[in-house]
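A structural walkthrough
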Amino acid sequence: IAPYPTQDQIIGDFDFCQFETQTFRVNGFNGSTYIWEINGNTSGIDGQGTNSINFTFNTPGTFSLRVKETTLAGCEGEWIDTLIFVRPKPTANTIIGDAVVCFPNLDSNLYRVNGFVNSTYSWTINGGTIIENNNDNILVNWSGQQLNNLSVFEVSEFGCIGDTLELEIFIDQPSIEIDYISVGF
């Protein structure tokens, strides 16, 4: 008498960020084959037919994951299923604010990003000082050096990390150079 598959649990992380590759597995009998489905679809699943798969979720949302084991003797188990929550990658895509700052207007320059509600933002500055940080917007005093840099990345309430955004800041200090003066006749 061949044993009947009794596995009842998918092992893996079921709440993660968009674009992450995840591994899911079941502990079954040696020699068994497995059919995996994500929202009823069996295609594009790396490891299909084995007890362990890898899949990259490029779209945020809630997904149904299920698997069925068939033993070497041909005994089919029950479908094992679970829900997967794929959290969106933060979407802030540009720093809004002056990229050219004219001397003497070096103080209290506003820079901001538009991202998800409840996200946090990590700002880094070169050539100035952040005098006020309001999470998605900051006030900056520039030191006066000509070339400066501001960067930020967003972390969603689910811990998903966005791209690092950068803005090069040029401090324009117009000056007059007098080579000679003539009081001509």
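Residues numbered from 1 in each chain as written. Predicted model: local features only at pLDDT ≥ 70, side-chain atom pairs only at ≥ 80, totals over all residues. Heavy atoms only, no water.

**Points about the confidence of the model for the protein chain**
Low pLDDT marks stretches whose predicted atomic positions should not be read closely. With 99% of its residues at a pLDDT of 70 or more, the protein chain has an overall mean of 94. Across the protein chain, the element-wise mean pLDDT spans from 94 in strand 7 (residues 100–102) up to 98 in strand 8 (residues 109–112). (pLDDT = per-residue confidence, 0-100. Helix = DSSP H or I, 4+ residues; strand = E, 2+ residues; numbered from the N terminus.)

**Section: unusual backbone geometry**
Residue Pro-104 follows Phe-103 across a cis peptide bond; omega there is 15°. Mapped onto the elements, Pro-104 comes out in the loop between strand 7 and strand 8. A positive phi is found at Asn-118, a non-glycine position, where the angle reads about 75°. With respect to the element layout, Asn-118 can be found in the loop between strand 8 and strand 9 (120–126). Looking at Asn-118, the relative accessible area reads 54%, which means it is exposed. (Buried < 20%, exposed > 50% of the residue type's maximum accessible area, 1.4 Å probe, protein only.)

**Observations concerning the pattern of salt bridges**
Evaluated as defined, the whole model comprises 4 salt bridges. With a closest N to O distance of 3.2 Å, Glu-76 and Lys-68 form a salt bridge. What makes Lys-68 buried here is its relative accessible area of 17%. (Salt bridge = Lys/Arg side-chain N within 4 Å of Asp/Glu carboxyl O.)

**As for the sheet that holds strand 5 (residues 61–70)**
Read from one edge to the other, the open sheet built from 4 strands follows the order 1-6-5-3, with strand pairing classed as mixed. In this open sheet, the two strands that pair with only one neighbour each are strand 1 (15–17) and strand 3 (33–38). Taken over all neighbouring pairs, the strand axes of this sheet differ in orientation by 25° on average, direction set aside. Alignment of strand 5 against strand 6 (residues 80–87), held across 7 bridges, turns out to be antiparallel. Bridged to Leu-65 within strand 6 is Thr-82. (Pairing = 2+ DSSP bridges. Axes fitted to C-alpha atoms, helices over the stretch in contact; angles between N-to-C directions.)

**A short note on a nonpolar patch on the surface**
Together, Ile-176, Ile-178 and Ile-181 make up a nonpolar patch on the protein surface, roughly 400 Å² of accessible area in all. Mapped onto the elements of the fold, Ile-181 is located in the segment after strand 13 (165–172). The exposed category is assigned to Ile-181, whose relative accessible area is 70%. (Patch = residues over 30% accessible without salt bridge, like charges linked within 9 Å, V, L, I, M, F, W, Y side chains within 5 Å. Areas by Shrake-Rupley, 256 points an atom, 1.4 Å probe, with all protein chains shown as cover.)

**Focus on the pairing of strand 8**
Here strand 8 shows a clear split, with Asn-109 and Tyr-111 buried on one side and none of Leu-110 and Arg-112 buried on the other. Note: strand 8 against strand 11 (residues 137–142), 4 bridges, orientation antiparallel. Across the sheet, Arg-112 pairs through a bridge with Asn-137, a residue of strand 11.

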